[in-house]
Structure formats: C-alpha cells, structure tokens
Amino acid sequence: MDFDWHSDPISHDTPINLQYKNTQNVRRFLSAECGAAFKFDRAFMAWIKDGQPKTMGEVAAEWIRRNPS
C-alpha cells in the first residue's frame, strides 16, 4: 500500500519514497519538528529527493543542521 503524503500520519520513522510530495501534511510535521522558521528552499528540496534512503526524522535533522538558530 502506498503512503498518502496528504493525509497519512507522519513520524520520524516515515521513509521518503518515490511518491514523496511537499504537502501541507509534510509542512505541518516539519514545522512542528523544526520550529516556526521552517521553510523549504530549492537546495533542501533537491536533497530530500536525491534518491538516497532517508526518513522524515533525518529530513528534520538536516533542516536543523542547515539552519542553526
């Protein structure tokens, strides 16, 4: 069964798959994990979709690493 990026619950363990989309559901998860300053940029979106296996927890950690407070 495919993961629905629009409505399925997202956790730290949710793997990025080929159907990954930057949905409002994803934005809510990353805003909750990374803080109100979270936003996508092209380089970060390219990193997410680079074909390397990663989880949403790793995505949040990478955004925090790239955007230290």
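Here, the structure is the one placed above.
Residues numbered from 1 in each chain as written. Predicted model: local features only at pLDDT ≥ 70, side-chain atom pairs only at ≥ 80, totals over all residues. Heavy atoms only, no water.

Engineer: I'd love a proper account of the packing of aromatic side chains, names of residues and values included.
Structural biologist: Under the definition given, this model contains 7 aromatic pairs. With 5.0 Å between their ring centres and 80° between their planes, Trp5 and Tyr20 make a pair best called edge-to-face. Of the two residues, Trp5 is situated in the segment before helix H1 (24-34) and Tyr20 in the segment before H1; the sequence distance between them amounts to 15 residues. With respect to burial, Trp5 and Tyr20 carry one shared label: buried. A ring pair is formed by Phe38 and Phe40, whose centres lie 5.0 Å apart and whose planes are at 80°; its orientation type is edge-to-face. The residues Phe38 and Phe40 share a single accessibility class, namely buried. An aromatic cluster is built from Phe38, Phe40, Phe44, Trp47 and Trp63, whose rings are joined through pairwise contacts. (Phe/Tyr/Trp six-rings, centres within 6.5 Å; stacked < 30°, edge-to-face > 60°. Helix = DSSP H or I, 4+ residues; strand = E, 2+ residues; numbered from the N terminus. Buried < 20%, exposed > 50% of the residue type's maximum accessible area, 1.4 Å probe, protein only.)

Engineer: An account of the pattern of salt bridges is requested, with residue identities and associated values reported.
Structural biologist: This structure, assessed with the given rule, holds 3 salt bridges. Of the charged contacts, one joins Asp50 and Lys54 as a salt bridge, the two residues approaching to 2.6 Å between their closest N and O atoms. Judged by relative accessible area, which is 38%, Asp50 ranks as partly exposed. The class for Lys54 is buried, based on a relative accessible area of 6%. Residues Glu62 and Arg65 are paired through a salt bridge, measuring 2.7 Å at the closest nitrogen-oxygen approach. Placement of the pair is Glu62 and Arg65 together in helix H3 (residues 56-66), with a separation of 3 residues, close to one helical turn. With a relative accessible area of 57%, Arg65 lands in the exposed category. Each member of the salt-bridge network shares a partner with another, and the members are Glu62, Arg65 and Arg66. (Salt bridge = Lys/Arg side-chain N within 4 Å of Asp/Glu carboxyl O.)

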